[in-house]
Amino acid sequence: MLAQELVLKQRTEILHALCSSGSAEHLERVLDILLAQGELIWEDYQNIQVPGRTLYTNARQLLNLVYTKGVATCELFLTALKQVLPEGHQAALSFSGCCLNLEKKEESQNTSTESLLTRRPSLVNRLKGCIDGALEALVVSGHFTSEDCNEVRLPVHTPSQQARRLLDHVRSKGESAAKVVLYYIQQKHESGSPLNQEKLTPPKEFLKYQKKLSSSVSAQSCFLSTYGGTGHMSLDDIYTEGELELAHDSANVHGPLGLEDIVGTAGTVNKEADTVLVSGEAGSGKSTLLQRLHLLWARGAALQDFLFLFPFSCRRLNSEHRELSCQELLFQHCCWPDRQQEEIFQFIVDHPHLILFTFDGLDELRQSFSDEHRLCCPTQRAPVHILLFNLIQGCLMKGVWKVVTSRPEAVGPLLKKHLRKEVLLKGFSPSGIDCFVRKHHTDPTVAVKVLESLQTNTALLGLCHSPVLCWIVSQCHKELLGCGEGSLQTITDVYLMILQHFLQHQSIPKSTMGLGWLQEHLKTVLRLGKLAIEGIGTTCYIFSCTDLETCGVTEKDISMGFLIQSKDMSSTHSKCYEFLHVTMQCFFAALYIILSSNTERSTILKIFELQDMRETGLSSNCFRSCLPTTDRREQVLRGEVKAAETPNLQITATFMSGLLSQRHRSLWLHCCPSAMMEKKVKQVSRCLSKGMQKHFKSIPQPVAGEKKSMHAMPGFVWLIKCIYEMQESTTAQDAISKLEVDHLKLTYCNIGPVECTALAYVLQHLRSPVGIQLDNNSVGDVGVEQLLPCLHICDSLYLRNNNITDEGIRKLIAKGIQCDNFRKIALFNNKLTDACTQHFSHLLKTRQDFLSLRLGNNNITAEGAKQLAEGLKSNHSMQHLGLWGNKIGDAGAEALASALENSKSLLWLSLVGNGVGSAGACALANIIKNSTSLEELWLTENCITRTGVECLIQALEHNTHVKSVWLRNNELSLEEEEEMKQRESRLIF
């Protein structure tokens, strides 16, 4: 078979071999060889290695290029691939007949610059150990500045990548710079000095410890640890990337963030700090993300600037009651050195920039973050939480990098001021859901059926953006495919499905589950629920055998699979257990509150009011009987254990609402008295109604002339989700009936598809039209579809910065055309292209009362502007049109001007930053000349010259209604701007 055919046939396998490790090293080594052999020119290399683009995209670009270059290039590519890939990665590939001599073109060239390409593989190998020395030589010779050096030394890059960046920079500096670096390498080689002399080489015993630590970290990370390990599933086989975003906008980020960007420079807000926070909701994949980082480090595939990586679980640190020093914390909780413990720890203290700590689940630590107890000495002993807080602040072991995960609610301003940056983990993208489901099922036909089922149930698809829910749905595929279309709507539905799934697997085969499946296992559920709620009340997530015995949990209960064995770091002799996920613990706590006759009336109230559960626990039979150990009871009494975490109480309350839904009451029929259940339903309904009224009362009176607006807090969104879980229309109507506002603001509220489903369910019952502002959330296309049921009550919709694509717009406009109240939309900073403009054009032709369309900072070109113009020609109501930050150019501006030049409704038009020149400005002048309504025209940051401005001035002479034309940052000199202002005061420069 020809090499070209081999490349095409094995495309998927080659991509996997190049990219599956998560490191770009294999791809970059192949590119080095192809450059050296002359099969790629420099422009080819630059087109493949586009900064900010994903590894898979770059690899696909290479395969496309290699294939188009023909058989000879494909043969050389396969030869290079065979040389670069480890043997384990070659098993699935065929290299039939591809064994060319790759050394034949490495010979002396006419110029040093050419030698940088032809000798690239060997130069990278020689340079990676002496980057600092080479940079110093280039600085001394005057070819490099300190800024050049900093770009090469970026900590996100591996030594090999730094060597490549150095060669690329040198090539751009010219022949003399190339001679300097080649001479430096030659001198190093001839002197016999090892080329890695500049790079820190720890003593042999330290490297042994590094190997032992790597082996330990790898062993802990190679199987998926969350969700009960999912049957010892290899992390490589199941890991699916979640969506990462910076909490603060960064100009130097292009494309999606990768794992190594977490410790990269992008998004840095405090250069003095060395703690990075990865925040995400429960079940968003934080622990799995850290596990993946650990595994890549242990394999040498990522984070290779760090010599040692020490992973910690805050949940397990809760079990450590002794006072420890930093040395004891590292060695006892991670990996113990066989020899020279003092020397190894001193090395760590002396070289903090080579060390990385990770702390998973800061929100699960029993103590709230505080900076009151300062500690600077790494050998001084202190409680573990004091050590952790001082490490995060940088008081202790300053310079060591820390990556901390937490739910966002647990991170207050006090902690945030000590952060280098914050990265948000948003869960799965739509493609991530697809990828995870396919990876989870070895049988592709099952995966296809599950995905088809999700596509027919968008509410369930929205839930699957959360990795833990996606796992449940995949785990319970038989129940999912057998439960009927649309029957799973809520988070509670999904957790009841996995409850049934686990219980069915433990039932006698002849047993008919039916609706009696819960009654059959009621005692198990109550015992586990009792354990769960005690943990929620005292922020306990790991339970000893004594704890289990106190709550009556038996070996049979454990065998159900909801509890998994956990290694208690403070004791290697006794078994400890934890729920397979914190959300599962909340679910069982909710089951206990709903099904137990021992629950006091005040318990439900305290959970919904997010009060301290410790007081409830100590004053009620329910919680008093659940305090398992004397030590923990004393801690609670002394107030050393923080109150139950608000997020966990909220999750528990959400499950309680869902469990009391009319849809599930048949399950409880034989489990508890109907009268008791009805009382709890009424109590929860009152709590929800009361909570909503509390928010409504906080709405300030509007300023004269302005609309009445409510800026919702995150607690409002939680109550909305609880109401949705109940699936009771009357409850939704009662809760929202007294909301009387013109504008509902829900910006930065972490709104995803799940929240959109709940919002639409409740807001559709509003009595009067309202503007809904959902800017800066994670709505996406699925979320847009979930909002459609409430679009009829929406007069304006703001969806700035929400990852919405043309497909989401197609569905939104199809519904919006039918909604009489819907008249304004803002979609700044999404992922829209020209394809969406045909739908907006149809909207404008159909709806003669549509008032405002804002599509700034998307990817709309002249073709899209022409499509919009077709709709605008037929529309006589448009008042505000915003297209700033697109690429419509003169052709697009001319098309819009032609459509709008006789408009009697347009008040405001923005074409800022669109590459509009004088031709476009002259066309837009016709709008000014003819319009009787236009007040503002924004043309800032374009390419308009004097000619274009002259046209605008002439048009303004015929129009006294226009208030301002904005022209800052165009192609005009200061003198020209001053002259134009003198002639026409309405021009703003």
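Computed from a prediction, not measured in an experiment: that's the story for all the values here.

Regarding the overall build of the protein chain
Summing up its helical and strand segments, the protein chain has 50 helices and 22 strands in all. A fraction of 77% describes how many contacts in the protein chain between residues 6 or more apart in sequence connect residues 24 or more apart.

With respect to the sheet that holds strand β21 (residues 964-966)
With parallel pairing, 11 strands are arranged side by side in an open sheet as β12-β13-β14-β15-β16-β17-β18-β19-β20-β21-β22. Whereas interior strands pair on both sides, the edge strands pair on one side only; in this sheet they are β12 (709-711) and β22 (987-988). By the bridge criterion, three bridges tie strand β18 (residues 880-882) to strand β19 (residues 908-910) in an arrangement that is parallel. The partner of H880 across the bridge, within β19, is W908.

Re the pairing of strand β11 (residues 576-579)
The alternating pattern of β11 places C576 and E578 on one face and Y577 and F579 on the opposite face, and all of these are buried. Both strand β9 (residues 543-544) and β11 contribute to a ladder of two bridges, which runs antiparallel. Across the sheet, residue S544 finds its bridge partner in β11, namely C576. Where strand β10 (residues 563-566) and β11 come together, four bridges link them in antiparallel fashion. The residue of β11 that forms the bridge with I564 is E578.

Examining the environment of F436
In this structure, F436 sits in helix α22 (residues 430-440). Accessibility expressed as a relative area gives 6% for F436, which makes it buried. Separated by 34 residues in sequence, F436 and C470 place their C-alpha atoms 7.9 Å apart. Sequence-distant contacts of F436, that is, excluding residues within four places in its chain, are made with I238, T240, F428, C470, W471 and S474.

Details of the packing of aromatic side chains
Overall, the coordinates contain 28 aromatic pairs when judged by the stated rule. Centre to centre, the rings of F308 and F347 are 6.3 Å apart; their planes meet at 70 degrees, and the pair counts as edge-to-face. Residue F308 is found in strand β3 (residues 308-313), and its partner F347 is found in helix α19 (residues 341-350); the two are separated by 39 residues along the sequence. When sorted by exposure, F308 lands in the same class as F347, which is buried. Aromatic pair F828 and W884: ring centres 5.3 Å apart, planes at 70 degrees, arrangement edge-to-face. With F828 in the loop between β16 (824-826) and α45 (837-846) and W884 in the loop between β18 and α47 (889-900), this residue pair connects regions lying 56 residues apart in the sequence. Judged by relative accessible area, which is 13%, F828 ranks as buried. Overall, the relative accessible area of 29% leaves W884 in the partly exposed class. Ring pairing ties together the aromatic residues F206, Y209, F308, F310, F312, F331, W336, F345, F347, F357 and F359, which thus form one cluster.

Some points on the sheet that holds strand β1 (residues 244-246)
A sheet is described by the order of its strands in space; here six strands give the open sequence β1-β8-β2-β7-β5-β3, paired in mixed fashion. Only two strands of the sheet have a single neighbouring strand rather than two, namely β1 and β3. Averaged over all pairs of adjacent strands, the angle between their axes in this sheet comes to 20 degrees, without regard to strand direction. Relative to strand β7 (residues 401-406), strand β2 (residues 275-279) is paired through five bridges, and the arrangement is parallel. Across the sheet, V276 pairs through a bridge with V403, a residue of β7.

Some thoughts on unusual backbone geometry
Even without being a glycine, M397 presents a positive backbone phi close to 55 degrees. Relative to the assigned elements, M397 resides in the loop between α20 (384-393) and β7. At N829, a residue that is not glycine, the phi angle is positive and equals roughly 55 degrees. Relative to the helices and strands, N829 resides in the loop between β16 and α45. In this structure N829 comes out as partly exposed when scored by relative accessible area, which is 34%.

Focus on the state of the cysteines
As enumerated under the stated definition, the model contains one disulfide in all. Here C922 pairs with C951 through a disulfide, and the sulfurs are 2.5 Å apart. Note on the C922 and C951 pair: the S-S dihedral is about 70 degrees, so by sign convention the disulfide is right-handed. Of the two residues, C922 sits in helix α48 (residues 918-930) while C951 sits in helix α49 (residues 946-956), which places them 29 residues apart along the sequence.

What to know about the pairing of β3
Taking burial as the measure, the six residues of β3 include six buried ones, the bulk of the element. Burial of the side chains of β3 extends over both faces: F308, F310 and F312 are buried on one face and L309, P311 and S313 on the other. One ladder, built from six bridges, connects β3 with strand β5 (residues 355-360); its direction is parallel. Note that in β5 the partner of S313 across the bridge is D360.

Some remarks on the nonpolar core
F310 and F840 are the most contacted members of the largest nonpolar core, which has 268 residues in total. Looking at which element gives the most residues to this core, the answer is helix α32 (residues 582-595), with 12 residues. In this view, F310 contacts Y209, L213, L330, C334, I348, I355, L356, F357 and T358; residues no more than four positions away in its chain are not counted. One finds V7, L15, W42 and F77 within the second-largest nonpolar core, a separate group that totals 35 residues.

Some points on the confidence of the model for the protein chain
Per-residue confidence for the protein chain gives a mean pLDDT of 85, with 90% of residues at or over 70. Between residues 193-199, whose pLDDT stays under 50, and residues either more than four places distant or in other chains, the model counts 17 contacts. In this model residues 509-513 is a low-confidence stretch, pLDDT under 50, and it forms five contacts with partners more than four residues away in sequence or in other chains.

Some points on the pattern of salt bridges
It is possible for side chains of opposite charge to pair when their charged atoms get near one another. One pass over the full model with this rule turns up 44 salt bridges. E950 serves as the salt-bridge partner of R983, at 2.9 Å between the closest nitrogen and oxygen. Of this pair, R983 sits in helix α50 (residues 974-983) while E950 sits in helix α49, placing them 33 residues apart in sequence. Accessibility expressed as a relative area gives 41% for R983, which makes it partly exposed. Via salt bridges that share partners, E25, E28, D32, R120, R164 and D168 belong to a single interconnected network.

Concerning the environment of T358
With respect to the helices and strands, the residue T358 is situated in strand β5. Separated by 44 residues in the primary sequence, T358 and K402 have C-alpha atoms spaced 5.6 Å apart.

Details of helix α12 (residues 159-173)
Helix length check: α12 (15 residues) gives 21 Å between terminal C-alpha atoms against 21 Å at 1.5 Å per residue, within 8%. At the exit of α12 stands G174, carrying a positive phi of roughly 105 degrees.

A few points about empty space enclosed by the protein
The tally for this structure, following the rule as stated, stands at seven cavities of 30 Å³ or more. Estimates place the volume of the largest cavity at around 160 Å³. Together, 14 residues line the largest cavity, and Y239, T240, G285, T288 and F428 are the ones closest to its centre. A breakdown of the residues in the lining of the largest cavity according to their chemical character gives nine nonpolar, five polar and no charged.

Digging into the environment of T240
One can find T240 in the loop between α15 (235-238) and β1. The residues contacting T240, other than those within four sequence positions of it, are F428, G432, C435, F436 and K439. One polar contact links the side chain of T240 to the main-chain carbonyl oxygen of I238, over a distance of 3.2 Å.

A word on the packing of helix α40 (residues 714-726) against helix α42 (residues 753-763)
In the contact formed by α40 and α42, the axes pass within 8 Å of each other and the chain directions differ by 75 degrees. With respect to α42, the axis of α40 lies roughly perpendicular. Residues V717, I720, K721, I723 and Y724 of α40 form the contact with α42, whose own contacting residues are V754, E755, T757, A758, L759, Y761 and V762. Here the contact of α40 with α42 is composed, by residue class, of nine nonpolar, one polar and two charged.

Criteria and thresholds
Residues numbered from 1 in each chain as written. Predicted model: local features only at pLDDT ≥ 70, side-chain atom pairs only at ≥ 80, totals over all residues. Heavy atoms only, no water. Helix = DSSP H or I, 4+ residues; strand = E, 2+ residues; numbered from the N terminus. Contact = heavy atoms within 4.5 Å. Pairing = 2+ DSSP bridges. Buried < 20%, exposed > 50% of the residue type's maximum accessible area, 1.4 Å probe, protein only. Phe/Tyr/Trp six-rings, centres within 6.5 Å; stacked < 30°, edge-to-face > 60°. Axes fitted to C-alpha atoms, helices over the stretch in contact; angles between N-to-C directions. Disulfide = S-S within 2.5 Å. Core = buried A, V, L, I, M, F, W, Y, C linked by side-chain atoms within 4.5 Å. pLDDT = per-residue confidence, 0-100. Salt bridge = Lys/Arg side-chain N within 4 Å of Asp/Glu carboxyl O. Expected span 1.5 Å × (residues − 1). 1 Å grid on protein atoms, 1.4 Å probe; cavity = no way out; pocket = protein on both sides within 12 Å on 5 of 7 lines; lining within 4 Å. Points joined across faces, edges and corners; volume = space filled by probe spheres on them. Nonpolar A, V, L, I, M, F, W, Y, C, P; charged D, E, K, R; others polar. Polar contact = N/O pair within 3.5 Å; in protein donor to acceptor, adjacent residues only side chain to side chain. Parallel < 35°, antiparallel > 145°, perpendicular 65-115°, else oblique.

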